[in-house]
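This is what each chain is made of:
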Amino acid sequence: AYVREGEGGAPLLLIHGFPETKRIWWRNIAPLADAGFDVIVPDLRGHGESSLAPDGFYDIAAFSKDCIALVRDVLGLASCAVVAGDVGGLVMYDMGLREPGFVTTQVLFNTLAPPLDDLYAAAGIPADPPHTTRQTADYFARQAADADGLVAELSTPTLRRNYIAGMYTHRMWAAPGHFTREEVDFHTEPYADADKLRASFGVYEGSTGNRPFEDMPCVLEPTPVPTLLLYGPDDHVVPTSFPAKAKVACLDCTGPIVVPDAGHFLQWEQADTFNRLVALFCR
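Quantities reported herein were computed from a predicted structural model and do not represent experimental measurements.

Enquirer: Can you walk me through the nonpolar core in this structure?
Expert: Among the nonpolar cores identified, the biggest contains 82 residues, and Ile15, Phe18 and Met95 are the most heavily contacted of them. By residue number, the principal contributor to this core is helix H2 (residues 60-74), which donates 6 residues. Beyond its immediate stretch of four places on either side in the chain, Ile15 contacts Trp25, Leu44, Cys67, Val82, Val83, Ala84, Gly85, Gly88, Val91, Met92 and Met95.

Enquirer: Would you take a moment to explain H2 for this structure?
Expert: Two residues of an α-helix separated by three or four positions point the same way, owing to the 3.6 residues in each turn. Helix length check: H2, at 15 residues, gives a terminal C-alpha distance of 20 Å against a target of 21 Å (1.5 Å per residue), a fit within 8%. Buried residues of H2: Ile60, Ala61, Ala62, Phe63, Ser64, Cys67, Ile68, Leu70 and Val71, and no others. Elements in contact with the buried residues of H2: strand S1 (2-5), strand S2 (10-15), strand S3 (37-42), strand S4 (80-85), helix H3 (86-98) and helix H10 (202-207). Between the side-chain oxygen of the N-cap and the backbone nitrogen of Ala61 there are 3.2 Å, and the N-cap of H2 in question is Asp59. A positive phi of about 75 degrees marks Gly76, the residue just after H2.

Enquirer: How should I be thinking about the pairing of strand S7 (residues 253-258) in this particular structure?
Expert: For a regular strand, side-chain orientation follows a simple rule: the groups alternate between the two sheet faces. Looking at chain direction, strand S6 (residues 227-231) and S7 are connected through 4 bridges and run parallel. Bridge pairing in S7 links Thr227 to Cys253. Once the chain exits S6 it traverses helix H11 (residues 242-249) before rejoining the sheet at S7, and the crossover so formed is right-handed.

Enquirer: Mind showing me how you'd approach the side chain of His47 here?
Expert: Here His47 lies in the loop between S3 and H2. Among the residues examined, His47 registers a relative accessible area of 4% and is labelled buried. With residues up to four places along the chain from it excluded, the contact list for His47 reads His16, Glu20, Phe63, Tyr191, Lys196 and Ser200.

Enquirer: What should I look at first to understand the pairing of S3 in this one?
Expert: The element S3 is extensively covered by neighbouring structure, given that 6 of its 6 residues are classed as buried. Taking every second residue as pointing to the same face, both faces of S3 are buried, with Phe37, Val39 and Val41 on one and Asp38, Ile40 and Pro42 on the other. The pairing of S1 with S3 spans 4 bridges and is classified as antiparallel. Bridge pairing in S3 links Arg4 to Ile40. Once the chain exits S2 it traverses helix H1 (residues 29-34) before rejoining the sheet at S3, and the crossover so formed is right-handed.

Enquirer: Sorry if this is basic, but what is going on with the packing of aromatic side chains here?
Expert: In this description, a pair of aromatic rings is defined by centroid distance and the angle of the planes. In total, this model carries 18 aromatic pairs according to the counting rule given. Geometrically, the ring pair formed by Trp173 and Phe265 is stacked, given 6.2 Å between the ring centres and 20 degrees between the ring planes. Of this pair, Trp173 sits in the loop between helix H7 (157-168) and helix H8 (181-188) while Phe265 sits in the loop between S7 and helix H12 (266-269), and the two are 92 residues apart along the sequence. This pair shows no difference in class: Trp173 is buried, exactly as Phe265 is. Through a chain of ring-to-ring contacts, three or more aromatic side chains come together here, namely Phe18, Tyr139, Phe140, Tyr163, Tyr168, Trp173, Phe179, Tyr191, Phe201, Tyr204, Phe265 and Trp268.

Enquirer: How should the packing of H2 against H3 be read in this particular structure?
Expert: Two numbers describe a pair of packed helices, the interaxial angle and the distance between the axes. Running from N to C, H2 and H3 point in directions that differ by 65 degrees, and their axes come no closer than 9 Å. Compared by their axis directions, H2 and H3 come out roughly perpendicular. In the crossing of H2 with H3, the sense of the turn from one axis to the other is right-handed. The residues of H3 that touch H2, namely those facing Ile60, Ala61, Phe63, Ser64, Lys65, Cys67 and Ile68, are Val87, Leu90, Val91, Asp94, Met95 and Arg98.

Enquirer: Would you explain the sheet that holds strand S5 (residues 103-109) in this entry?
Expert: Two strands in a sheet stick together by hydrogen bonds in their backbones, pointing the same way (parallel) or opposite ways (antiparallel). Strand order in the open sheet formed by 7 strands is S1-S3-S2-S4-S5-S6-S7, with mixed pairing between adjacent strands. Lying at the two open borders of the sheet, with one neighbouring strand each, are S1 and S7. Strand-to-strand twist in this sheet, taken as the mean axis angle between neighbours without regard to direction, amounts to 15 degrees. Of the strand pairs in this sheet, S2 and S3 are connected by 4 bridges, and their pairing is parallel. Residue pairing across strands places Pro11 opposite Asp38, the latter belonging to S3. The sheet strands contacting H3 are S2, S4 and S5, and the helix crosses S4 at an angle near 145 degrees.

Enquirer: Where do I start with unusual backbone geometry in this structure?
Expert: Backbone geometry follows two general trends: most residues other than glycine have a negative phi, and most peptide bonds adopt the trans configuration. Note the cis peptide between Phe18 and Pro19, where omega equals 0 degrees. Relative to the elements of secondary structure, Pro19 occurs in the loop between S2 and H1. Phi is positive for Asp86, close to 50 degrees, though the residue is something other than glycine. Along the polypeptide, Asp86 turns up in helix H3. Residues other than glycine seldom take positive phi values, yet Asp261 does so here, at roughly 55 degrees.

Cut-offs used in this document
- Residues numbered from 1 in each chain as written.
- Predicted model: local features only at pLDDT ≥ 70, side-chain atom pairs only at ≥ 80, totals over all residues.
- Heavy atoms only, no water.
- Core = buried A, V, L, I, M, F, W, Y, C linked by side-chain atoms within 4.5 Å.
- Buried < 20%, exposed > 50% of the residue type's maximum accessible area, 1.4 Å probe, protein only.
- Helix = DSSP H or I, 4+ residues; strand = E, 2+ residues; numbered from the N terminus.
- Contact = heavy atoms within 4.5 Å.
- Expected span 1.5 Å × (residues − 1).
- Polar contact = N/O pair within 3.5 Å; in protein donor to acceptor, adjacent residues only side chain to side chain.
- Pairing = 2+ DSSP bridges.
- Right-handed = clockwise from strand over helix to strand, strands pointing away.
- Phe/Tyr/Trp six-rings, centres within 6.5 Å; stacked < 30°, edge-to-face > 60°.
- Axes fitted to C-alpha atoms, helices over the stretch in contact; angles between N-to-C directions.
- Parallel < 35°, antiparallel > 145°, perpendicular 65-115°, else oblique.
- Left-handed = near helix turned anticlockwise from the far one by under 90°.

Structure below.
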């Protein structure tokens, strides 16, 4: 499933992460289309209005191949600019390395940096503490290692939505005050479905070896794709080392540009600034 606005403009793909669907881009689609872009916004497989995957793969490579197929094979576009954070950021990174020339420019924000530990060490960037020692990472451990048990506990639509709502509220992924109760309801509604919630945990299982990949992700080398690096600092889930690491991983990098009063959901929390920066860089 996807939405498209501004057909005939410069192709621009927006990729969501977790716990998101294409709805996280609702404040960006029309402004970017008005700025001259052909804005393409999919739900990743198993998320939102997209179907569950018959092959059972919910990993970076599977998401990447789907996005490439949507843009190139379904829509008939040879290349595109891409904007992404969270899981979508790694999907975008994979796309740029998997299909050289397909991603013309990219905007990366608030995600895990690719695993290039030797390069980061050479740049003097300290290693991050393990997920298990980070205060806000208990969700990660359960989703990666006990996905079935967690879904069993979240046995009603209300429990499932409340679990996801925590990322928008008390888990402090966002800066305070950027999501009203109605907006939280809007973003959590797709996760009321138990099968969709279970599917969304697949990428976490794969990242820890608890679920097989469709293919190895292309994230083990620096990317040459011209990159605008943005960072919402009020993010209590992405390590604070992200901007420094991403600057090393992206060989042609503009930034990092720190956007105050924003956290993990930068495209929603500071939509006007975000849209202007994306339009300027990707134009």
